[in-house]
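Here's the letter readout for the chains.
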Amino acid sequence: MDSDRRLIRTLRYLLLALLMIECLPLNSATALPELGLTWKNVRVGGVKSAVFTTFCDSRGIIWLGTNRGLYFYDGISTHQIDAEKLAGVQIYSIVEYNGQLYIGSNNGLMIYDYRQGRIVKIIKNSPKEIRALMVQGDHLWIGGLNGIFYYDITHQRLLNYSSGLPHRSVYSMLRDSRGVLYVGTYSGMARWDQRHSRFVRIANPGGGALFVNCMLESPDKHGIYVGSEGALYRYIPGSESWERVGLEESCNVKSLAPGEAGHVWVGTDNGAFDLSSDGLKHYRHDSRDELSIADNEIWCVYADSKHNIWAGHERGVSIASITTRISSIRLNRLTHSGEGNEIHSILRDRKQNLWLGGTNGVIRIAEGEAPRWYRHDDSPGALSHNQIRNIYEDSEGVVWLATDAGLNRYNRASDRFEVFHIVDPKGGHTSNWVW
């Protein structure tokens, strides 16, 4: 019998936890703090590993290129691939072609085969220190610290197209919606001239050097975001003009990725930014919050089709969901207190007050008021116990709390509680634990 009761209580708590999602709508009449992202932090290989690139293949598998080789993530943990061949290899770029992964690393170009589950080939004549890869038909553009190359996959021929680049160290590539290929180097950008089969240098903003880490076409297709050391720019090809995009402070921009509905994600050495027409949101590591992003040195950002943001950094990868179906609110953001409360009873009363009851009293959130946290103490009108088992509103709009020390009735006028202890008519038996 006791085990049945415990099972019923457990199922009841689970149901209440699910109802909590419905009790916190974004359009709630009770003012709630602005919802921020909560991050799941994943240590790659169980140790501190830097994640330089994330790639989602045609089967939906997420691959992580790190300073310790290649991994894939199954939603729970990471798994290393061909540790013998990739031990100590730093992987900076991954693309897919004909069911195989082409991997750009400090040791050159490698090919991973799904069916065999291993690295099947290392291209011997490929350049070392590869930073960027791009598939074009049956060819592969390879950008690295020794220039840019055009690789014929079918005939395994390699051509050097570094002539015309501002610098031989290539860090990024972009093909825009018009089909124009842009290359970012240590000293600026270049555009591929199809007619003359060479790159043409683009004048840098202000005439100085520009270290181009990353590029991304803007959502309106009229410009290109350019991430550099110390700034984020927007280049307008139609007018050959530049404009600086303001972040909160000077940052080294290391990665750019398109988000939903015109959002642009920016990875920097000072955390991740969400840039949109609505403004700018900044996500940084907070040692007080285990759900904050794990590190501020963001090497790569990626927004997948399932509303997740992936940020690779010096301590692995952090994942956040941007769906509005389920939202997380930290208790300390509601109460401005570091104390905890294991919430398992929730009520929205007819006056649109939100009541959150748990193991450490009850919190009342009302429109236009600071959250009130009621707990047991020796003062008149205090709660009789901090263990709140249930919250109920009767037909007259009176809120009742079931606790481990009797019933508590809330008096709105005095903002206090009236305590009732359940005793049998003869006074021989009491029932303080009210469920």
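Residues numbered from 1 in each chain as written. Predicted model: local features only at pLDDT ≥ 70, side-chain atom pairs only at ≥ 80, totals over all residues. Heavy atoms only, no water.

Observations regarding the overall build of the protein chain
What counts is decided by this rule: Where helices and strands are cited, they refer to DSSP runs of H or I of at least four residues and of E of at least two residues respectively, numbered from the N terminus. The size measure is the radius of gyration over C-alpha atoms, and the globule rule it meets is 2.2 Å times the number of residues to the 0.38 power. For the exposure calls, accessible area comes from a 1.4 Å probe over protein chains only, and a residue counts as buried if that area is under 20% of its type's maximum, exposed if over 50%, partly exposed in between. We call two residues in contact whenever any of their non-hydrogen atoms come within 4.5 Å of each other. We get accessible surface area from the Shrake-Rupley algorithm with a probe of 1.4 Å; when it comes to residues, only the shown protein chains can shield them.
Assigned secondary structure in the protein chain consists of three helices and 36 strands. Over its C-alpha atoms the protein chain spans a radius of gyration of 29 Å, topping by over 25% the 22 Å that the globule rule assigns to 435 residues. C-alpha atoms of the protein chain, sized along the principal axes, occupy 100 × 50 × 30 Å. Burial statistics for the protein chain: of 435 residues in total, 48% are counted as buried. Within the protein chain, counting contacts between residues at least 6 apart in sequence, those at least 24 apart form 42% of the total. Carbon together with sulfur atoms contributes 49% to the accessible area of the protein chain, which is approximately 21900 Å² in total.

Some details on the environment of D176
Our working rule: Under this definition, polar contacts are N or O atom pairs within 3.5 Å; protein pairs additionally need one hydrogen-donor-capable and one acceptor-capable atom, and for neighbouring residues in sequence, both atoms have to be side-chain atoms.
Looking at the secondary structure, you find D176 in the loop between β14 (170-175) and β15 (181-185). Along the chain, D176 and I224 lie 48 residues apart, while their C-alpha atoms are 8.3 Å from each other. Every residue in contact with D176, bar those within four places of it in the chain, is listed here: Y182 and E217. A distance of 3.0 Å separates the side chain of D176 from the backbone nitrogen of R178, its partner in a polar contact.

Overview of the pattern of salt bridges
If charged atoms from side chains of opposite charge come close, those side chains can pair. Convention followed: We define a salt bridge as a contact between a side-chain nitrogen of Lys or Arg and a carboxyl oxygen of Asp or Glu at a distance within 4 Å.
In the structure shown here, the tally under the stated rule is 17 salt bridges. Note that R350 and E393 form a salt bridge whose closest N and O atoms lie 3.3 Å from each other. With R350 in the loop between β29 (343-348) and β30 (354-358) and E393 in strand β33 (residues 388-393), the pair connects residues that are 43 residues apart, well separated along the chain. Taking relative accessible area as the criterion, R350 reaches 52% and is therefore assigned exposed. As a salt-bridge pair, R389 and D404 come within 2.8 Å of each other at their nearest N and O atoms. Here D404 lies in the loop between β34 (399-403) and β35 (406-411) and R389 lies in strand β33, a separation of 15 residues in the sequence. The same class applies to R389 as to D404, namely buried.

Some words on unusual backbone geometry
Even without being glycine, E129 reaches a positive phi, approximately 50°. Here E129 lies in the loop between β9 (118-122) and β10 (130-136). Judged by relative accessible area, E129 falls into the partly exposed class, the value being 25%. In this structure, Q352 is a non-glycine residue whose phi angle is positive, near 70°.

Section: the side chain of S384
Turning to its location among the elements, S384 is positioned in the loop between β32 (372-374) and β33. Given the relative accessible area of 13%, S384 is considered buried. Within polar-contact distance, the side chain of S384 engages the backbone oxygen of A405 at 2.8 Å. Those residues in contact with S384, other than ones at most four positions away along the chain, are H376, T403, A405, G406, N408 and V419.

Things to note about the pairing of strand β31 (residues 361-365)
Consecutive side chains along a regular strand alternate between the two faces of the sheet. Put simply, the rule reads: Two strands qualify as a pair provided that DSSP identifies no fewer than 2 bridges between them.
Taken across its five residues, β31 has five buried, putting it largely inside the fold. With burial as the criterion, each face of β31 is covered, one bearing G361, I363 and I365 and the other bearing V362 and R364. Bridge analysis of β30 against β31 gives five bridges, and the strand direction is antiparallel. Counterpart to L354 in the pairing with β31 is I365. Note that β31 and β32 share three bridges and pair antiparallel.

Things to note about the confidence of the model for the protein chain
Quick reminder of the rule: One number per residue, pLDDT, summarises how confident the predictor is, and it ranges from 0 to 100.
When pLDDT is averaged along the protein chain, the result is 89, and 91% of the positions lie at 70 or above. This model gives residues 10-29 a pLDDT under 50, and the stretch forms 23 contacts once residues within four places in sequence are excluded.

A closer look at the sheet that holds strand β23 (residues 264-268)
The cut-off we apply is this: Structural elements are reduced to axes, namely lines fitted to C-alpha atoms, with helices fitted over the stretch in contact, and the angle between N-to-C directions of any two is expressed from 0 to 180 degrees.
The four strands lie next to each other as β22-β23-β24-β25, forming an open sheet whose pairing is antiparallel. Only two strands of the sheet have a single neighbouring strand rather than two, namely β22 (253-258) and β25 (279-283). Pairs of neighbouring strands in the sheet enclose a mean axial angle of 20°, with direction left out of account. Examined bridge by bridge, strand β24 (residues 271-276) and β25 share five bridges and lie antiparallel to one another. Residue S276 lies in a different strand from β25, and its bridge partner there is G279.

Describing the sheet that holds strand β4 (residues 69-73)
Reading across the sheet, the four strands line up as β2-β3-β4-β5 and stay open at both edges, with antiparallel pairing between neighbours. The outermost strands of the open sheet, each flanked by one partner alone, are β2 (51-56) and β5 (78-81). Each strand of the sheet is rotated relative to its neighbour by a mean of 30°, with strand direction disregarded. Pairing between strand β3 (residues 62-66) and β4: five bridges, direction antiparallel. Bridging across to β4, I62 finds its partner in Y73.

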